[in-house]
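# Descriptive analysis of the structure
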Amino acid sequence: MIFEVAIGDRVRTVGIVRKGAVLHVDLDGRRHVVDARRVSDSIVSMLVQLDGASAPSRSVDASFASKPAAGDFDVHLDGRTIPVQIRPAGSFGRQKKEGHATNGAGPQRVASPMPGKVVRVLVNAGDAVKARQGLVVVEAMKMENELRAARDGRVRDVAVKEGQSVDAGAVLLTVE
Amino acid sequence: MKKILIANRGEIAVRVIRACRDMGIATAAVYSECDRAALHVRLADEAWPVGPSAPRESYLRIEAIVDAAKKAGADAVHPGYGFLAENEDFAAACRDAGLVFIGPSPEAITLMGSKTAARRAAIKAGVPVVPGTDEPLSDRASDADVLKVAARVGYPLMLKAVAGGGGKGMRMVAAAAELPGALRAARSEALSAFGDGAVYLERRILSPRHIEVQLLGDHHGTVLPFVERECSIQRRHQKVVEESPSMVVSPELRRRITSAAAAVAKSVGYTNAGTIEFLVDADGSYYFLEMNTRLQVEHPVTEMVTGVDLVQWQIRIARGERLALDPESLLQPKAHAIECRIYAEDPDNGFLPSPGRIQGLRVPQGPGVRDDSGAYEGGEVPIFYDPMISKLITWGDTREHALQRMRRALSEYQVRGIRTTIPFFQWILDDEDFKAGRFDTGFIDRKLRKGPLQEIDALHEDLAAIAAAVHLFTRPVTNGTATAAASRWRDAGRVEALR
């Protein structure tokens with residue numbers, strides 16, 4: 001079975017097959033022998049044969065937290081938390097061809113990072129704003145969080161009012 | 001005292017329930033709508049609803065809490081910290097309802113809770129204070145008026161909420177130009193956090209360390225100070241790591257600073273648990289900062305170095321017992337202890353709150369480790385409250401020993417499904433300046449400005465990729481609609497198609 005795994009900006013190909021009691025995992029052309037035991041639905045104990053070892057012996061206790069998107073996980077191992085996206089082979093390539101919005105140009109849609117309440121709107125539609133200028137203050141979990149402009153621009157529209165409750169991801173205003 | 005109502009939620013409510021259990025006292029919890037299945041409700045002997053999830057409609061409603069205590073037939077109320085813990089009206093309402101308030105008197109809360117009145121009390125007791133305004137700034141004071149006062153205090157200065165605590169309603173102002181904006185922000189934050197928008201000004205001491213003294217006072221005139229805690233590791237004025245003893249406090253300074261703290265508390269007839277906070281500058285001069293008229297989040301480090309259960313003593317004091325503790329032993333640390341506050345916040349994303357369901361939880365165990373937590377596997381971290389989900393404490397013979405145990409405990413600690421500050425603490429614990437004790441209260445904010453927390457190294461990136469593939473490959477198929485067997489056939493088909 002072949003997967004594509006994205007960690008950070010990097011997409012890598014992982015092939016995996018069962019060979020008797022162990023798994024052969026090919027990562028970017030390099031083979032790792034893995035003795036895997038499932039501890040629970042979300043925990044796997046792995047003994048991994050790393051470079052030079054005579055047997056699968058490096059103990060890696062890996063556990064997983066799923067996210068809303070299928071194939072997105074946080075992998076917890078060795079005291080670290082590593083966000084991973086895993087898809088059937090070819091998926092990420094297709095996604096790139098379809099084209100995705102990037103950060104560089106185009107309007108900046110300022111969205112609430114979490115559910116909360118709009119405490120203050122610091123700008124009006126039509127205002128010119130500088131990079132890092134405060135635009136709107138959202139209160140969540142007792143702290144006020146000021147959301148700022150990513151770059152110089154002009155406020156196109158303000159979608160919220162002071163005192164309004166907002167969900168995570170709700171677009172509060174747009175800067176162009 | 002047969003039954004205590006705990007007017008709080010989360011990890012501190014659990015901590016108080018445990019103290020009550022240890023003493024054979026029954027417990028009544030209170031809960032808001034979203035907290036029905038919270039750990040403190042599950043552990044208490046009984047639990048009473050106090051309203052909707054928003055704090056103002058539940059945990060901050062004095063009548064609802066007092067009413068619950070009466071219905072439960074409780075003799076006493078423990079406020080924990082946060083919410084109504086430093087609200088004199090609540091302490092008075094308990095007293096009026098014939099309930100013992102496990103904390104200081106309403107009068108002491110009023111006096112020491114007002115930071116400006118507390119400053120005057122410290123001055124009267126002969127304890128040095130940081131230069132600043134002794135009165136809150138008037139709500140009607142214009143920017144020009146405030147600028148005039150600020151010029152007298154001197155820059156850089158701090159804006160602080162009179163009713164404040166926990167870094168809320170607090171702003172650093174480096175120069176006059178920043179003052180009007182910072183003033184508006186501080187007032188509004190103070191109003192929303194404490195229901196009181198009054199703020200005052202204080203000169204900022206450069207490179208200060210935050211040293212504080214835990215006190216217990218009984219109703220028979222005894223006030224006892226404990227060995228100091230150091231809480232200089234703060235992010236945006238919020239303590240995140242605390243330890244005891246402090247590396248910079250000599251036995252001589254300990255004697256002076258603990259006597260000063262006891263003198264302030266005694267001068268106002270203080271009873272129950274409280275903490276006096278000081279700033280200590282590079283040459284060992286100390287300044288009274290404020291008093292917290294309640295139990296502190298960091299109380300476990302004092303418990304671990306002195307062997308005293310502070311919450312049990314709060315209860316014993318409230319029922320009239322004398323402080324039967326050896327004053328000398330309270331000033332001699334028997335170990336070194338350190339605490340990390342585990343928050344549901346994402347350190348890789350500007351420490352934004354990270355509420356949600358805890359999918360999996362592995363709690364550190366073994367020698368020298370204590371986890372005071374309100375979290376459990378399957379539990380929710382609601383968006384409505386402070387995001388602290390647990391306090392992790394380790395101790396050892398020396399500071400190095402305690403720190404190494406903390407590294408070990410953090411590596412065992414897994415909270416899956418939400419982000420927490422655990423990686424942030426791993427980063428602090430590995431910092432050379434932190435290890436050497438070279439820090440002040442600006443340490444974290446300076447270090448964080450330098451860049452992101454540690455990157456994931458190549459080996460762990462490889463292992464994560466392997467683990468993810470193994471996870472999907474070996475995952476038992478449990479699909480809500482299709483039968484397991486059918487799903488396996490479909491998977492097999494997909495595997496073939498990929499060849």
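Cut-offs and rules
- Residues numbered from 1 in each chain as written.
- Chains lettered and ligands numbered in written order.
- Predicted model: local features only at pLDDT ≥ 70, side-chain atom pairs only at ≥ 80, totals over all residues.
- Helix = DSSP H or I, 4+ residues; strand = E, 2+ residues; numbered from the N terminus.
- Buried ≥ 20, exposed ≤ 12 C-beta atoms within 10 Å, placed from the backbone.
- Contact = placed C-beta atoms within 7 Å.
- Nonpolar A, V, L, I, M, F, W, Y, C, P; charged D, E, K, R; others polar.
- Pairing = 2+ DSSP bridges.
- pLDDT = per-residue confidence, 0-100.
- Arc of directions from axis to C-beta.
- Axes fitted to C-alpha atoms, helices over the stretch in contact; angles between N-to-C directions.
- Parallel < 35°, antiparallel > 145°, perpendicular 65-115°, else oblique.
- Core = buried A, V, L, I, M, F, W, Y, C linked by C-beta atoms within 7 Å.
- Domains from an automatic or database assignment.
- Expected span 1.5 Å × (residues − 1).

Let us now look at the overall build of chain A. Within chain A, the regular secondary structure consists of 1 helix and 16 strands. For the C-alpha atoms alone, the extent of chain A along its principal axes is close to 65 × 40 × 25 Å. In chain A, which comprises 176 residues, the proportion classed as buried is 27%. Sequence separation of at least 24 residues holds for 39% of the intrachain contacts in chain A that already meet a minimum separation of 6.

Our next topic: the overall build of chain B. The secondary structure content of chain B amounts to 18 helices and 23 strands. Principal axes of the C-alpha set define a box for chain B whose edges measure 85 × 55 × 50 Å. Taken across its 499 residues, chain B has 53% of its residues classed as buried. Partitioning the contacts of chain B with sequence separation of at least 6, the portion at a separation of at least 24 is 65%.

Here we take up the interface of chain B and chain A. Taken together, the 38 residues of chain B in the interface contact 48 residues of chain A. Mapped by element, the contributors of at least two residues to the side of chain B that touches chain A are α8 (179-194), β17 (352-353), α13 (399-412), β23 (414-416), α14 (422-429), α17 (458-474) and α18 (484-498) of chain B. In terms of residue class, the side of chain B that touches chain A is built from 21 nonpolar, 11 polar and 6 charged.

Remark: a regular strand shows side chains that alternate across the two faces of the sheet. Residues and elements named next belong to chain B. Across the 9 residues that make up strand β13 (residues 272-280), a large majority, 8, are buried. Pairing of strand β9 (residues 209-217) with β13, which is carried by 9 bridges, proceeds in the antiparallel orientation. Of the residues in β13, the one forming a bridge with isoleucine 211 is phenylalanine 278. Hairpin geometry of β13 and strand β14 (residues 286-292) is characterised by an intervening segment of 5 residues between the two adjacent antiparallel strands and by a positive phi of about 85° at glycine 284.

Another point: unusual backbone geometry. Residues and elements named next belong to chain B. In the segment running from tyrosine 155 into proline 156, the intervening peptide bond is cis, with an omega of -10°. Relative to the elements of secondary structure, proline 156 occurs in the loop between α7 (143-153) and β6 (157-161). Backbone geometry at phenylalanine 83 places phi at a positive 45°, although glycine is not the residue there. Of note, phenylalanine 83 is situated in the loop between β4 (76-78) and α4 (88-96). Despite not being glycine, asparagine 272 has its phi angle at roughly 70°, a positive value. Within the element layout of this structure, asparagine 272 appears in strand β13.

Attention now goes to the sheet that holds strand β9 (residues 108-111) of chain A. All names here are of chain A. Read from one edge of the open sheet, 4 strands run β9-β16-β14-β11, paired in antiparallel fashion. Since the sheet does not close on itself, it has two edges, and those belong to β9 and β11 (128-129), each with one partner. As paired strands, strand β14 (residues 153-158) and strand β16 (residues 171-175) are joined by 3 bridges and run antiparallel to one another. In the sheet register, valine 158 faces β16, and the bridge partner there is leucine 173.

Turning our eyes to something else, we now look at the pairing of strand β2 (residues 10-19) of chain A. Residue and element names in this part refer to chain A. Bridging between strand β1 (residues 2-7) and β2 involves 6 bridges; their strand directions are antiparallel. Bridge pairing links isoleucine 2 to glycine 15 in β2. The antiparallel hairpin formed by β1 and β2 contains 2 residues in its connecting segment, where glycine 8 sits at a positive phi of about 65°. In this structure, β2 lies alongside strand β3 (residues 22-27), joined through 6 bridges in antiparallel fashion. Paired with arginine 18 across the bridge in β3 is leucine 23. Joining the antiparallel neighbours β2 and β3 is a turn of 2 residues, in which glycine 20 adopts a positive phi near 65°.

Take the confidence of the model for chain A next. Confidence in the prediction for chain A averages 84 pLDDT; 91% of positions are at 70 or higher. Across residues 96-105 of chain A the pLDDT falls below 50, and counting only partners more than four positions away or on other chains, this stretch makes 2 contacts in the model.

Residues and elements named next belong to chain B. Within the sequence span of α4, burial applies to Phe90, Ala91, Ala93 and Cys94. Down the axis of α4, the smallest arc covering the buried residues is 160°, so these residues share one side. Seen from the buried face of α4, the exposed residues on the opposite side, beyond 90 degrees, are Asp89 and Asp96. At its buried positions, α4 is contacted by α3 (62-72), β4, β5 (100-101) and α5 (106-113).

To continue, consider the environment of Pro364(B). Residue and element names in this part refer to chain B. Checked against the element boundaries, proline 364 lands in the loop between β19 (360-362) and β20 (369-373). For proline 364, a count of 18 C-beta atoms within 10 Å gives the class partly exposed. Between the alpha carbons of proline 364 and glutamine 414 there is a distance of 8.4 Å; along the sequence they are 50 residues apart. Once you skip the residues sitting within four places of it in the chain, proline 364 turns out to touch Val369, Asp371, Leu392, Ala409, Glu412 and Tyr413.

Another aspect to go through is the packing of α7(B) against α8(B). All names here are of chain B. Taken N-terminus to C-terminus, the directions of α7 and α8 make an angle of 105°; their axes are 10 Å apart at the nearest point. Accordingly, the angle class assigned to the pair α7 and α8 is roughly perpendicular. Here Asp143, Val146, Leu147 and Ala150 of α7 come into contact with α8, specifically with Leu179, Pro180 and Leu183. Considered class by class, the residues forming the contact of α7 with α8 number 6 nonpolar, no polar and 1 charged.

Formed by 120 residues in total, the largest nonpolar core has its most connected members in Leu5(B) and Val77(B). By residue number, the principal contributor to this core is helix α1 (residues 10-22) of chain B, which donates 7 residues. Both domains that meet at this core, namely domain 1 (3-102) and domain 3 (209-449) of chain B, each give it at least three residues. Residues contacting Leu5(B), with those up to four places away along its chain left out, are Ala28(B), Val30(B), Ala68(B), Ala69(B), Ala72(B), Ala74(B) and Val77(B). One finds Val5(A), Ala6(A), Val25(A) and Ala469(B) within the second-largest nonpolar core, a separate group that totals 33 residues.

Structurally, chain A comprises domain 1 (2-98) and domain 2 (108-175). Computed from C-alpha coordinates alone, the two centres of domain 1 of chain A and domain 2 of chain A are separated by 38 Å.

What follows deals with the sheet that holds strand β13 (residues 143-148) of chain A. One open sheet accounts for 4 strands, arranged β13-β12-β10-β15 (chain A); its pairing is antiparallel. Taken across any chain shown, the strands that pair with only one partner, and hence form the sheet edges, are β13 and β15 (165-166) of chain A.

The next point concerns α8(B). Compared with an ideal rise of 1.5 Å per residue, which puts 16 residues at 22 Å, α8(B) spans 21 Å between its outermost C-alpha atoms and is within 8% of the ideal. Listed in full, the buried residues belonging to α8(B) are Leu179(B), Leu183(B), Ala185(B), Ala186(B), Arg187(B), Glu189(B), Ala190(B), Ala193(B) and Phe194(B). As for α8(B), its buried residues are in contact with β13 of chain A together with α7, β6, β7 (171-173) and β8 (199-203) of chain B. Positive backbone phi, approximately 70°, marks Gly195(B), located one or two places after α8(B).

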